[in-house]
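# Structure assessment
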Amino acid sequence: MLTKLKKKVQDLLTSEAKAAHKIGLTPNSVSLIGLMLAFFSAAAYAIGQNQPVWLLTATVLLLASGFCDALDGVIARIYQQQSVFGGFLDSLLDRYADAAVFIGIIIGELCEPLWGLAALSGSLLVSYSRARAEAAGIKLESVGLAERAERMIILSAASLAAIYWLPALNISVVLLAILTNLTVLQRGLHVYNALKKKGDKIES
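If you're wondering where the values come from, they're calculated on a predicted model, not measured in any experiment. (Residues numbered from 1 in each chain as written. Predicted model: local features only at pLDDT ≥ 70, side-chain atom pairs only at ≥ 80, totals over all residues. Heavy atoms only, no water.)

### Some details on helix α7 (residues 148-162)
Think of an α-helix as 3.6 residues a turn; residues three or four steps apart then line up on the same face. Here α7 spans 21 Å end to end across 15 residues, near enough to the 21 Å set by a 1.5 Å rise per residue. Turning to α7, its buried residues number three or more, namely R148, E150, R151, M152, I154, L155, S156, A158, S159 and A162. Buried positions along α7 lie against α3 (27-48), α4 (52-78), α5 (84-107), α6 (113-135) and α8 (167-198). (Helix = DSSP H or I, 4+ residues; strand = E, 2+ residues; numbered from the N terminus. Expected span 1.5 Å × (residues − 1). Buried < 20%, exposed > 50% of the residue type's maximum accessible area, 1.4 Å probe, protein only. Contact = heavy atoms within 4.5 Å.)

Structural data, given as C-alpha cells:
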C-alpha cells in the first residue's frame, strides 16, 4: 500500500545517496549495513524486555535499517549500479532482517510467542508470494495490506507506544500476524485471477 509513498521518499534521498556514494558506499554495502542495524535492533528487543531505553534504542535502529533499505535503491538508480544479483541480495537480506526483529521481540517476551511466530511466518510468506508471482510474470507490488513498509511503520509506532504502555507491542504483533497472512491470501487470489485471465490452466 505504501509502495508509491516509498518511491516518493526515495526521490527525496538524492543528496543522502550522493553523500553515501562519495564516501565509497555501494548499494550492496548499504544493504548489509541495514541488515546489521536490524540485527542490533533485534538484540535490543531481546535483551531490553520492558526497559524504555532499550525499546527506544530498538526503534531507532529499526528505523535506521528501513532508511538503508530505501537508500540502497536510490544509490543504485542514480549511479546505474542496478543488477539482478543486487536485487536478489537486497531481497534476501530484507528477509533475514525481518526474521531477526520478530525473533528478538519473541525472545524479549514482548509478545505472545505463537502470535510472534504467526507474524514472522506471514511476513516471510508475503515476500515469498511476490517472488513466486513475479517468476510467473505477475506483478504484485502494492497488492496487499501489509508490505514491508507498513510492517516497519506499525512495529516502530507500537515500540514507541510500548515505552509508556508495554502491551502495545504485543497488540501490534497480533495485528501484523493477521494482516500479513491476509496479505498472502490477497496475493493468492490476485495471482489466481491473473492466471485465469491469461488462460493458464488452474489446477483444482
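Let us keep going from here.
### Concerning the nonpolar core
With 30 residues, the main nonpolar core has Y45, V101, I105, L155 and L169 as its most contacted residues. When residues of this core are traced back to their parent elements, those giving at least two are α3, α4, α5, α6, α7 and α8. Looking at this core element by element, the count peaks at eight residues for α5. In terms of nonpolar packing, the next biggest core, distinct from the first, is built from eleven residues, L37, C68, A70 and L71 among them. (Core = buried A, V, L, I, M, F, W, Y, C linked by side-chain atoms within 4.5 Å.)

### Some details on the pattern of salt bridges
Summed over the entire model, instances satisfying the criterion amount to seven salt bridges. The residue D98 makes a salt bridge to R148 at a minimum N-O spacing of 2.9 Å. Here the residue D98 occupies a position in helix α5, and R148 occupies one in helix α7, the gap between them amounting to 50 residues. One exposure class covers both D98 and R148, and it is buried. For E147, the salt bridge goes to R187, with nearest N and O atoms at 3.0 Å. A residue pair is termed long-range when its members are at least 10 positions apart, and E147 in the loop between α6 and α7 and R187 in helix α8 qualify at 40 residues. Connected through shared salt-bridge partners, D69, D94, R95, D98, R148 and R151 make up one network. (Salt bridge = Lys/Arg side-chain N within 4 Å of Asp/Glu carboxyl O.)

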